[in-house]
Amino acid sequence: MQLAQVVGTVVATQKSQRLDGLKMLILRPFGLDGKLGSGYLVALDSVGAGLGEVVLYCTGSSARQTEATKDRPADAVIMAIVDTVEVGGDVKYQKGKT
Amino acid sequence: MQLAQVVGTVVATQKSQRLDGLKMLILRPFGLDGKLGSGYLVALDSVGAGLGEVVLYCTGSSARQTEATKDRPADAVIMAIVDTVEVGGDVKYQKGKT
Amino acid sequence: MQLAQVVGTVVATQKSQRLDGLKMLILRPFGLDGKLGSGYLVALDSVGAGLGEVVLYCTGSSARQTEATKDRPADAVIMAIVDTVEVGGDVKYQKGKT
Amino acid sequence: MQLAQVVGTVVATQKSQRLDGLKMLILRPFGLDGKLGSGYLVALDSVGAGLGEVVLYCTGSSARQTEATKDRPADAVIMAIVDTVEVGGDVKYQKGKT
Amino acid sequence: MQLAQVVGTVVATQKSQRLDGLKMLILRPFGLDGKLGSGYLVALDSVGAGLGEVVLYCTGSSARQTEATKDRPADAVIMAIVDTVEVGGDVKYQKGKT
């Protein structure tokens, strides 16, 4: 599992029926230094994540283990909105603070 | 899941029967800066994607979760044709515009 | 499977119900030279691992093969706390020594 | 899925019984510029591929979806011998031509 | 699948019960030039591999397809001890010769 920040959205009308009704969000990797890494991925949302939030996502077949994503043709899902990230006693991220 | 642009095709007559009747397309990674990344992959098409279109694909066992790709020996499938990509309030891609 | 050191924790209240009651730990890769590599990942804990311990984790669908993580939307799990790492006759790591 | 060229073979007598009777081929990645990339992998053959041929392979659980590789402990399989690779209107590879 | 050399062992007493009785070996990637690559991984052994031997391993769910590793929380397994590696007509490795 990785931490990431929600930075955008993907909209598609012509798609597999099994993706109907699911939000597709663009994520950028969240570094432990608080900076966003390079690259990005697109993940389904199972928890109502919003733009700017730091989230936890998982990939592969595990991405189909939430109620929302069972049997979906998707290899990444957001399954938690992060409150706190703590490393070596230091709070690296806390929701609502910047 | 990743965004990519359809740039080519692969044709093969000598192949697993389970690939019969499926189009195999060559994809190059689509960057959020609108440029294509290096590298490429081959994906099955489940939505009628055409050359030049920006698509969403997924990999691994999730690639077998569309009607078209169930039980197929394939680890990548296109399951959406992208209309809009929006990041940080900016439209990074819109279908039909260049 | 990879070796890693437990360096931190992630807390999230808004999450998939299937993650309830599971500790989410931050791991950094453990090199055979005894140094931590760059990057990190978040893994579920199935063995009661603590901060600073060197652990073994696995990823993908295999991460759902412990009693604790069956059917969970998680792609990484700690399934062993390491006692000894030996390479080419040299002990590279021994629990309790630094 | 990726394109690759068959460059060699691996022979092993002491192995999982479930690998009996299957050819193990060494593949090197095939670039769209017609050059072989660095690195290599070993794949099971399900289509009678020969040395020098350009093939399509897939990885992960999808590699177990051919008749030949069902339930095998193998994470890569060749499931097509490529006739033509076309990118942007140019034929990048055609079987039988060099 | 990849070739690797067995270079070490990992011992852990506090672990998932499903790992009981299985040897955990440290592997380093084996290059076609006969040199070991950087990095390493830990794999379960299903064939009685010994230190110094060149082996074939696979990863992901396929690692659970040997008799020894069924339902185990492990994402890498050694399923063959390599006798010969041949590339482009040259023997790159032969068991028992150095």
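Residues numbered from 1 in each chain as written. Chains lettered and ligands numbered in written order. Predicted model: local features only at pLDDT ≥ 70, side-chain atom pairs only at ≥ 80, totals over all residues. Heavy atoms only, no water.

(A) Main features of the interface of chain B and chain A. Contacts between the two partners involve 26 residues from chain B, matched on the other side by 28 residues from chain A. The contact between chain B and chain A buries some 2,200 Å² in all, and 49% of this surface belongs to carbon and sulfur atoms. The three residues of chain B that bury the most area against chain A are M1, Q65 and D83 of chain B, which together make up 30% of that side's buried surface. Connecting chain B to chain A are one salt bridge. Residues E67 of chain B and R18 of chain A are paired through a salt bridge, measuring 3.2 Å at the closest nitrogen-oxygen approach. Sorting elements by how many residues they give to the side of chain B that touches chain A places strand β7 (residues 84-87) of chain B first, with four residues. Among the residues making up the side of chain B that touches chain A, the classes are represented as 13 nonpolar, nine polar and four charged. (Contact = heavy atoms within 4.5 Å. Buried area = accessible area lost by both parts, 1.4 Å probe. Salt bridge = Lys/Arg side-chain N within 4 Å of Asp/Glu carboxyl O. Helix = DSSP H or I, 4+ residues; strand = E, 2+ residues; numbered from the N terminus. Nonpolar A, V, L, I, M, F, W, Y, C, P; charged D, E, K, R; others polar.)

(B) Layout of the arrangement of the chains. Contact between chain C and chain D is absent, and the minimum C-alpha spacing across the pair is 10 Å. Nothing in chain B touches chain E; the tightest C-alpha to C-alpha distance between them is still 10 Å.

(C) Structural view of the relation of the copies chain B and chain A. The two copies are related by a screw motion: chain B maps onto chain A through a turn of 72° and a shift of 0.0 Å along the axis, at an RMSD of 0.0 Å. Each copy turns onto its partner about a five-fold axis. When the interface residues of chain B are mapped onto chain A, a mere 4% of them again fall at the interface, so the copies present different faces. (Least-squares fit on C-alpha atoms with pLDDT ≥ 70 in both.)

(D) Region of the structure containing the environment of M79 of chain B. Residues and elements named next belong to chain B. By the element assignment, M79 lies in strand β6 (residues 76-81). Accessibility expressed as a relative area gives 0% for M79, which makes it buried. In this structure the C-alpha to C-alpha distance between M79 and L56, which are 23 residues apart in sequence, comes to 6.2 Å. (Buried < 20%, exposed > 50% of the residue type's maximum accessible area, 1.4 Å probe, protein only.)

(E) Summary view of the relation of the copies chain A and chain C. Overlaying chain A on chain C yields an RMSD of 0.0 Å, the required transformation being a rotation through 72° with an accompanying axial translation of 0.0 Å. Here only 4% of the interface residues in chain A have copies in chain C that are interface residues too; the copies meet through unlike faces.

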